[in-house]
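# Residue-level structure breakdown
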Amino acid sequence: MVHLAASRYGKDNIRLLKVERDPENPKLQHVYEFTITVLLEGDIEVAYTKADNTPVVTTDSMKNTTHILAKQNPVTPPEVFASVLGTHFVNTYNHIHKSFIHIIQHRWTRYEVDGKLHDHSFIRDGAEVRIVDAEVHEDGKILLKSGIADLLVLKSTGSAFYGYIQDEYTTLKETNDRIMSTSVDATWSWKPYDNLDAAKAAADSFQDGYQNARQITLKTFAVDDSASVQATLYKMCEEILETAKDVQDVSYALPNKHYFEIDLSWFHDLQNTGKDAQVYAPQSNPNGLITAKVSR
Ligand code: AZA
């Protein structure tokens, strides 16, 4: 005898771009581009087990709903829009008990023309994205996680790595000066919100939380005299938790993007290692992957 142990369904890769006209200056426009996933949970078992579509909110309707609510509501901060969208599904359909909204916000950064930020022109300055995950329960409770992904950084000095286990498997040389590079994937969880109004009231915290986490990540990466990716990661988490009081925990996943020194001494004794290292070999794989979650 088998049974449906878990089920959740919805629409993935819902894409939208919203233009908002600035209320103070009609010529000034703001743009927000999202890729959204909507998933629903509830009394939907018969759709799987009995071929009965009666309880099915179609995934096409989820896409339509996302577009309509984006037109009717502000879409920033994305934490609030995710909460609005998730709340809609659990409030509209009695048999839907939980909704899960994942938003990826793509970068469109206003750029300068003749020394002045342009009113309606933007540049995609990197692959970095802002992430939001909302889990909305039918009693109104909202669990939110925010994050940054694909933020690629590199420092050319200020990173060491020594003191690790030396045994018969070890070939890695200790170093007190190496290149450090990673693609930052950071997530921070907010304290639970009782309902949509409570999440809306925290809108400024979400914006500040994102700006602070990004700035702390970039600054700590640059200024920390790094003993390891692990040690630098922990300092980032500590500082975010110190700054954002409503954040419960912070997680990072940092791939260690290795750049290896190249020994060129075979060529007329050309010195290119240690203090003389200048030309490095970027490695694609394998790579280290350092992860942690730090809580209060
Ligand atoms: N942490 C680092 O920062 N660098 C490394 C590791 C590690 O665990 N292992 N090899 N290189």
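Here's what I pulled together on the structure shown here. From a predicted model like this one, the values you see are computed outputs, not experimental measurements.

### Things to note about the site of the ligand
Around the ligand, a shell composed of Phe-161, Leu-172, Arg-178, Ser-228, Val-229, Gln-230 and Asn-256 is seen. Within the contact set of the ligand, an oxygen atom lies 2.8 Å away from a side-chain nitrogen or oxygen of Arg-178. Contacts to the ligand include Val-229, whose backbone N or O atom sits 2.8 Å from an oxygen atom. Tallied by class, the residues present in the shell around the ligand amount to 3 nonpolar, 3 polar and 1 charged.

### Some points on the side chain of Ser-181
Mapped onto the secondary structure, Ser-181 falls in strand 8 (residues 180–190). A polar contact of 2.9 Å, which involves the side chain of Ser-181, links it to the backbone oxygen of Val-153. If we ignore the near neighbours within four places in the chain, the residues touching Ser-181 are Leu-152, Val-153, Leu-154, Phe-221, Pro-255, Asn-256, Lys-257 and Tyr-259.

### Topic: the packing of aromatic side chains
Applying the stated criterion across every chain, the model contains 5 aromatic pairs. For the pair Trp-190 and Phe-206, a centre-to-centre distance of 4.9 Å together with 85° between the ring planes defines the contact as edge-to-face. Of this pair, Trp-190 sits in strand 8 while Phe-206 sits in helix 5 (residues 203–223); the two residues are 16 residues apart in sequence, bridging distant segments of the chain. In terms of burial, Trp-190 and Phe-206 fall into one category: buried.

### Quick notes on helix 3 (residues 78–92)
For an α-helix the count is 3.6 residues per turn, leaving residues at separations of three or four pointing the same way. Helix length check: helix 3 (15 residues) gives 21 Å between terminal C-alpha atoms against 21 Å at 1.5 Å per residue, within 8%. Counting buried positions over the 15 residues of helix 3 gives 12, a clear majority of the element. For helix 3, every residue scored as buried is listed here: Pro-78, Glu-79, Val-80, Phe-81, Ala-82, Ser-83, Val-84, Leu-85, Gly-86, Thr-87, Phe-89 and Val-90.

### Points about a nonpolar patch on the surface
Residues Tyr-111, Val-113 and Ile-123 make up a contiguous nonpolar surface patch of roughly 240 Å² in combined accessible area. By relative accessible area, which is 43% here, Ile-123 ends up partly exposed.

### Considerations on unusual backbone geometry
For the bond from Thr-76 to Pro-77, the omega torsion is 0°, close enough to zero to count as cis. In this fold, Pro-77 is placed in the loop between helix 2 (59–72) and helix 3. Residue Pro-286 is bonded to the preceding Asn-285 through a cis peptide linkage, with omega at -5°. Examined against the element boundaries, Pro-286 turns out to sit in the loop between strand 11 (280–282) and strand 12 (288–295). In this structure, Asn-13 is a non-glycine residue whose phi angle is positive, near 60°. Its location among the elements puts Asn-13 in strand 1 (residues 9–21). With a phi angle near 60°, Asp-150 is a residue other than glycine that sits in the positive phi range.

### Overview of helix 5
For helix 5, with 21 residues, the first-to-last C-alpha span of 30 Å sits near the 30 Å given by 1.5 Å per residue. Buried residues of helix 5: Ala-203, Phe-206, Gly-209, Tyr-210, Ala-213, Arg-214, Ile-216, Thr-217, Thr-220 and Phe-221, and no others.

### Observations concerning the pattern of salt bridges
Taken as a whole and judged by the stated rule, the model has 12 salt bridges. With its nearest N and O atoms 2.9 Å apart, the salt bridge here joins Glu-33 to Arg-15. Here Glu-33 is found in strand 2 (residues 29–42), whereas its partner Arg-15 is found in strand 1, with 18 residues between them in sequence. One salt bridge in this structure joins Glu-20 and Lys-18, with 3.4 Å as the shortest N-O distance.

### Thoughts on the sheet that holds strand 2
Strands sit in the order 1-2-3-6-7-8-9-12 across an open sheet of 8 strands; the sheet is antiparallel. Looking at which strands have only one partner, the edges of the open sheet turn out to be strand 1 and strand 12. Across the sheet, the mean angle separating the axes of adjacent strands is 15° when strand polarity is ignored. Relative to strand 8, strand 7 (residues 142–155) is paired through 9 bridges, and the arrangement is antiparallel. Paired with Val-153 across the two strands is Thr-182, which belongs to strand 8.

### Considering the pairing of strand 3 (residues 96–106)
Taken residue by residue, a regular strand's side chains alternate between the two faces of the sheet. Alignment of strand 2 against strand 3, held across 10 bridges, turns out to be antiparallel. Each residue of the ladder has a partner; that of Glu-41, found in strand 3, is Lys-98. When strand 3 meets strand 6 (residues 129–137), the two strands line up antiparallel, connected through 9 bridges. Bridge pairing in strand 6 places Phe-100 opposite Glu-135.

Here is what the cut-offs are and how they apply
- Residues numbered from 1 in each chain as written.
- Predicted model: local features only at pLDDT ≥ 70, side-chain atom pairs only at ≥ 80, totals over all residues.
- Heavy atoms only, no water.
- Near = heavy atom within 4 Å.
- Polar contact = N/O pair within 3.5 Å; in protein donor to acceptor, adjacent residues only side chain to side chain.
- Nonpolar A, V, L, I, M, F, W, Y, C, P; charged D, E, K, R; others polar.
- Helix = DSSP H or I, 4+ residues; strand = E, 2+ residues; numbered from the N terminus.
- Contact = heavy atoms within 4.5 Å.
- Phe/Tyr/Trp six-rings, centres within 6.5 Å; stacked < 30°, edge-to-face > 60°.
- Buried < 20%, exposed > 50% of the residue type's maximum accessible area, 1.4 Å probe, protein only.
- Expected span 1.5 Å × (residues − 1).
- Patch = residues over 30% accessible without salt bridge, like charges linked within 9 Å, V, L, I, M, F, W, Y side chains within 5 Å.
- Areas by Shrake-Rupley, 256 points an atom, 1.4 Å probe, with all protein chains shown as cover.
- Salt bridge = Lys/Arg side-chain N within 4 Å of Asp/Glu carboxyl O.
- Pairing = 2+ DSSP bridges.
- Axes fitted to C-alpha atoms, helices over the stretch in contact; angles between N-to-C directions.

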